[in-house]
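A structural walkthrough
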Amino acid sequence: MSVQVDRYAVIGNPIAHSKSPLIHRLFAEQTQQNLDYQAVFVPLGEFETKVDELFAQGLRGCNVTIPFKQNAWAFAHELSSYAQIAGALNTLMLRADQSIYGHNTDGLGMMRDLLVNKQVALQGKRVLVLGAGGAVRGIIQPLLEAQPALVQLANRTAATASDLANEFKPYGEIMGGGFDAINASFDIIINGTAASLQGELPELPANCLGEGGIGYDMMYGSEPTPFMRWAYEQRAVQVFDGLGMLIEQAAEAFELWRGIRPDTQPVFAALVQQFK
């Protein structure tokens, strides 16, 4: 007799680099869950058609990555409070009534990585966030909940960062503008741009990372990203990539889908070993 295998996926463009299938396979082995998780490339402009097709074929849930996080937000029938406020999401789940529930685990994953895994204190700190796309949208509310003194968004298109900051003004001290508006030093700089995927570095002024500062790139790879190298050159005391965030946001999604939370530490250790 065949055993039912529940199907999940990560959807993006590009997607070949994704470690999500490995992460969820390790989670499934650890928690003894019977599931299959695949990476699915979707051409631009075909997100809704492809996801409809996947759910019709039996998909139970999916993660959504660049550049479809805002498409996914519009696609879901019901949104978690984090997804609703963010205007973007990275997790979809098929419910028993065939409706699609959308959640954003990006910010929750990043905050757990920073506060718990990395032991970084955010309360009262000045935080600069680079970028204003779907990935950044997902982290702003959880970041403001940690009560930093200020969050400043900087983006190549100043108006995009300014508009996004205005959306989140009810939740904390936040402002936004272009890279040329960075005229102070910060305790923590978070790179939420896709520049690292292209091997590029956002246009940052010298001395914007304060003494004893921390650099955090939401992207990850086998080598330090250009932003991480820049942070080291600025004498950051700690520099992190986004691998821990990736694993923690995946654990949030896994718990939503399966009702059980995996232990992220052995999975982090396994992926670090793979990158060596």
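Going by the structure above, here's the rest.
Residues numbered from 1 in each chain as written. Predicted model: local features only at pLDDT ≥ 70, side-chain atom pairs only at ≥ 80, totals over all residues. Heavy atoms only, no water.

Brief notes about the packing of helix α9 (residues 243-258) against helix α10 (residues 264-275)
The N-to-C vectors of α9 and α10 enclose an angle of 140 degrees; their axes lie 10 Å apart at closest approach. One element, α9, and the other, α10, form an angle in the oblique class. Here α9 and α10 pass one another in a crossing that is right-handed. Every residue of α10 that contacts α9 at Leu 243, Gly 244, Ile 247, Glu 248 and Ala 251 is listed here: Thr 264, Gln 265, Val 267, Phe 268, Leu 271, Val 272 and Phe 275. For the contact of α9 with α10, a count of residues per class yields eight nonpolar, three polar and one charged. (Axes fitted to C-alpha atoms, helices over the stretch in contact; angles between N-to-C directions. Helix = DSSP H or I, 4+ residues; strand = E, 2+ residues; numbered from the N terminus. Parallel < 35°, antiparallel > 145°, perpendicular 65-115°, else oblique. Left-handed = near helix turned anticlockwise from the far one by under 90°. Contact = heavy atoms within 4.5 Å. Nonpolar A, V, L, I, M, F, W, Y, C, P; charged D, E, K, R; others polar.)

Focus on the sheet that holds strand β7 (residues 126-130)
The strand order across the open sheet formed by six strands is β9-β8-β7-β10-β11-β12, and the pairing between neighbours is parallel. Each having just a single partner strand, β9 (174-178) and β12 (238-240) make up the two edges of the open sheet. Across the sheet, the mean angle from the axis of one strand to that of its neighbour is 20 degrees, orientation sign disregarded. In this structure, strand β8 (residues 150-155) lies alongside β9, joined through five bridges in parallel fashion. Paired with Gln 152 across the strands is Met 175, a residue of β9. Packing of helix α7 (residues 158-167) onto the sheet brings it into contact with β8 and β9, and relative to β9 it is tilted by some 170 degrees. (Pairing = 2+ DSSP bridges.)

Considering α7
Within α7, the full set of buried residues consists of Ala 161, Leu 164 and Ala 165. End-on, the buried residues of α7 take up no more than an arc of 100 degrees, which puts them together on one face. If you follow the buried residues of α7, they end up packed against α6 (134-145), β8 and β9. (Buried < 20%, exposed > 50% of the residue type's maximum accessible area, 1.4 Å probe, protein only. Arc of directions from axis to C-beta.)

Concerning the pairing of β7
In terms of burial, β7 is largely enclosed, as four of its five residues are buried. In terms of strand pairing, β7 meets β8 through five bridges, oriented parallel. Residue pairing across strands places Leu 130 opposite Ala 154, the latter belonging to β8. Each parallel crossover has a hand, and the one from β7 via α6 to β8 is right-handed. Relative to strand β10 (residues 186-191), β7 runs parallel, the two being bridged by four bridges. (Right-handed = clockwise from strand over helix to strand, strands pointing away.)

Re the sheet that holds strand β5 (residues 91-94)
The six strands are arranged β2-β1-β3-β5-β6-β4 in an open sheet whose pairing can be described as mixed. In this open sheet, the two strands that pair with only one neighbour each are β2 (35-41) and β4 (78-79). Bridge count for strand β1 (residues 6-12) against β2 is seven bridges, and the pairing is parallel. Residue Ile 11 lies in a different strand from β2, and its bridge partner there is Val 40. With respect to the sheet, helix α1 (residues 20-31) is in contact with β1, β2 and β3 (59-64), its orientation differing from that of β2 by roughly 175 degrees. The sheet contacts of α9 involve β1, β2, β3, β5 and β6 (100-103), and relative to β5 the element is tilted by about 10 degrees.

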